[in-house]
Amino acid sequence: MKKTLFSFLVLMLALTAVAGQADEKRYALYGVAFYNQENLFDTIHDAGKNDYEFLPQGSFKWGGMKYNAKLKNMSTVLSQLCADKLPQGAAVIGLSEVENRRVLEDLLKQPALAGRGYEIVHYEGPDRRGVDCAFFYNPRFFTLENSMLVPYYYLDKKQPDVDLGFYVDAEGRVRAHEELRGDTTYITRGFLVMSGKLGGEDVHFIVNHWPSRAAGSEARERAGVQVKALKDALLRQTPGSKVIIMGDMNDDPNNKSMTEALGCKHKKEGVRENDLYNPWWDMLYKTGQGTLLYDGKWNLFDQIVFTGNLLGNDRSSLKFYRNEIFLRDWLFQQEGRYKGNPLRTHAGGVWLNGYSDHLPTIIYLVKEIK
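Read on for an overview of the structure. (Residues numbered from 1 in each chain as written. Predicted model: local features only at pLDDT ≥ 70, side-chain atom pairs only at ≥ 80, totals over all residues. Heavy atoms only, no water.)

Section: the overall build of the chain
Part 1 of the reasoning: A count of helices and strands for the chain gives 6 helices and 19 strands.
Part 2 of the reasoning: Taking 370 residues into account, the globule formula puts the C-alpha radius of gyration at 21 Å, and the chain, at 23 Å, falls close to it.
Part 3 of the reasoning: Dimensions of the chain along its principal axes, counting C-alpha atoms only, are 90 × 50 × 40 Å.
Part 4 of the reasoning: Within the span of the chain, comprising 370 residues, buried residues form 54% of the whole.
Part 5 of the reasoning: Surface summary for the chain: the accessible area is close to 17,400 Å², and the carbon and sulfur share equals 51%.
Part 6 of the reasoning: Charge centroids of the chain, computed over 47 positive and 46 negative side chains, lie 6 Å from each other. (Helix = DSSP H or I, 4+ residues; strand = E, 2+ residues; numbered from the N terminus. Rg over C-alpha atoms; globule rule 2.2 N^0.38 Å. Buried < 20%, exposed > 50% of the residue type's maximum accessible area, 1.4 Å probe, protein only. Areas by Shrake-Rupley, 256 points an atom, 1.4 Å probe, with all protein chains shown as cover. Lys, Arg positive; Asp, Glu negative; His and termini not counted. Charge placed at Lys NZ, Arg CZ, Asp CG, Glu CD.)

Structure, rendered in structure tokens:
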């Protein structure tokens, strides 16, 4: 009798433990990253592009040894993005300042990335230096359904119908203009769009590299207007979808291009479903962290912003979890005039065998596993 009672108690304890485990919620975590590659050029001239500095006979003496060192260094960083939390690294990575598809393929062949299974989205853009945006994605986590490169256009009062760089077809699908139109005097990088499913949900990614500070604030404000219109069109095309906008904006979170033109909000209160939320404001203005250092002052140009439907505590659908700048001691100069700056490839005409003048940024998304 005692033996039977003991067995019954053991069985009840086991069933209670199983029931407790069944009640525990499980979550999937997804990493979304962006990294400016700072002049990832190969050693071959691309016709029609001003890439002469990055040739063996160019001012940087850009030969095979330097190119291979750059590939190794950049792949090391990319392989470690999100890897402290996710063994397979980031689900998707936006890139800027890459010359062509060849350098992207060479990058993914590096030992640090070769086993990750990343696939490439890249379109040859019109930038006169030849630098483009690109996108790596792991098909285990993100299913690509469509992609396009929407051109950047300065405002042209004579052709207002093409100012946004895209149109909506008869089926309600957003389409990019395939040829350059409007004012192309200062044509530059466009907006790389990927649409698909992340965690089983409709998500649109837009990778950016906005005009430089030398172009003036109006040029970046124009980019903000275009990207906001593009975001709105994608949300109309796919109701209930999420939009994540990432890139080197060449502006800080409080600049007009981000707050007014793109329409980002930095306080969660009052952010509506299709509004844009910018999580980097407090990081720069309260914590003092940035992604590039200029004249001793930190800027945070490398931002990842997203629609308000990624906010909230209901994790039955994808939700924003946290954001961070990827900081490692070896990404910074440890001595000399530029001590404390990101360790870049060249500085003052000297090859430093470094990484980039920008630091990578990351956001994490979380979703309950049913």
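A word on the packing of aromatic side chains
Between two aromatic rings, the relevant description is the distance of the centres plus the angle of the planes.
Part 1 of the reasoning: Inspection of the entire model under this criterion finds 18 aromatic pairs.
Part 2 of the reasoning: Between Y137 and F142, the ring centres sit 5.9 Å apart and the planes meet at 85°, which makes this aromatic pair edge-to-face. Note on accessibility: Y137 and F142 belong to one class, buried.
Part 3 of the reasoning: For the ring pair W281 and Y285, a centre distance of 5.2 Å and an interplane angle of 65° mean the geometry is edge-to-face. Of this pair, W281 and Y285 are both found in helix α6 (residues 281–287), 4 residues apart, which corresponds to roughly one turn of the helix.
Part 4 of the reasoning: Through successive ring pairs, a cluster of aromatic residues spans F41, F54, F60 and W62. (Phe/Tyr/Trp six-rings, centres within 6.5 Å; stacked < 30°, edge-to-face > 60°.)

Here we look at helix α2 (residues 64–80)
Part 1 of the reasoning: With 17 residues, α2 extends 25 Å between its outermost C-alpha atoms, agreeing within 8% with the 24 Å of an ideal straight helix rising 1.5 Å per residue.
Part 2 of the reasoning: Among the residues making up α2, those that are buried are K66, Y67, A69, K70, L71, N73, M74, S75, V77, L78 and S79.
Part 3 of the reasoning: If you follow the buried residues of α2, they end up packed against β1 (26–40), β2 (92–98), α3 (101–108), β4 (132–137), β17 (346–347) and β18 (350–351).
Part 4 of the reasoning: Phi turns positive one or two residues past the end of α2, at C82, with a value near 70°. (Expected span 1.5 Å × (residues − 1). Contact = heavy atoms within 4.5 Å.)

Points about the pairing of β1
Part 1 of the reasoning: By the criterion of burial, β1 is predominantly enclosed, with 12 of the 15 residues buried.
Part 2 of the reasoning: Pairing geometry for β1 and β2, over 6 bridges, is parallel. Its bridge partner lying in β2, F34 is registered against G94. (Pairing = 2+ DSSP bridges.)

Observations regarding the sheet that holds β4
Part 1 of the reasoning: Ordered by their spatial adjacency, 6 strands build an open sheet running β3-β4-β2-β1-β19-β16, and the pairing between neighbours is mixed. Because the sheet does not close on itself, it has two edges, and the strands there are β3 (119–122) and β16 (319–325). Direction aside, neighbouring strands of the sheet carry axes that sit 20° apart on average.
Part 2 of the reasoning: Here β3 runs beside β4; their pairing, made up of 4 bridges, is antiparallel. Residue H122 lies in a different strand from β4, and its bridge partner there is A134.
Part 3 of the reasoning: Contacts between α2 and the sheet are confined to β1, β2 and β4, with β1 contributing the most and set at about 155° to the helix.
Part 4 of the reasoning: Contacting β1, β2, β3 and β4, α3 runs over the sheet at an angle of about 165° to β3. (Axes fitted to C-alpha atoms, helices over the stretch in contact; angles between N-to-C directions.)

As for the pattern of salt bridges
Part 1 of the reasoning: One pass over the structure, following the stated rule, counts 20 salt bridges.
Part 2 of the reasoning: The salt bridge involving D202 is made with K197; its shortest N-O contact spans 2.8 Å.
Part 3 of the reasoning: Of the residues examined, D202 reaches a relative accessible area of 28% and is grouped as partly exposed.
Part 4 of the reasoning: Look at K197 and you get partly exposed, because its relative accessible area is 31%. (Salt bridge = Lys/Arg side-chain N within 4 Å of Asp/Glu carboxyl O.)

Considerations on the sheet that holds strand β11 (residues 264–265)
Part 1 of the reasoning: The strand order β5-β8-β9-β10-β15-β12-β11 describes an open sheet built from 7 strands, whose pairing is mixed. The sheet terminates laterally at β5 (142–150) and β11, the two strands that pair on one side only.
Part 2 of the reasoning: Two strands pair when backbone bridges link them, and strand β9 (residues 201–209) and strand β10 (residues 242–248) are joined in this way by 7 bridges, in the parallel orientation. Bridged to N208 within β10 is G247.
Part 3 of the reasoning: The sheet contacts of helix α4 (residues 217–237) involve β5, β8 (191–198), β9, β10, β12 (276–277) and β15 (302–307), and relative to β8 the element is tilted by about 30°.

A short note on the side chain of N323
Part 1 of the reasoning: Inspection of the secondary structure puts N323 in strand β16.
Part 2 of the reasoning: A polar atom in the side chain of N323 sits 3.3 Å from the backbone oxygen of P279.
Part 3 of the reasoning: Those residues in contact with N323, other than ones at most four positions away along the chain, are P279, W280, M283, I362 and I363. (Polar contact = N/O pair within 3.5 Å; in protein donor to acceptor, adjacent residues only side chain to side chain.)

Remarks on the nonpolar core
Part 1 of the reasoning: Formed by 70 residues in total, the largest nonpolar core has its most connected members in F135, F136, F205 and I244.
Part 2 of the reasoning: Excluding residues within four positions of it along the chain, F135 makes contact with V92, I93, G94, E119, I120, V121, F142, L192, M194, F205 and V207. (Core = buried A, V, L, I, M, F, W, Y, C linked by side-chain atoms within 4.5 Å.)

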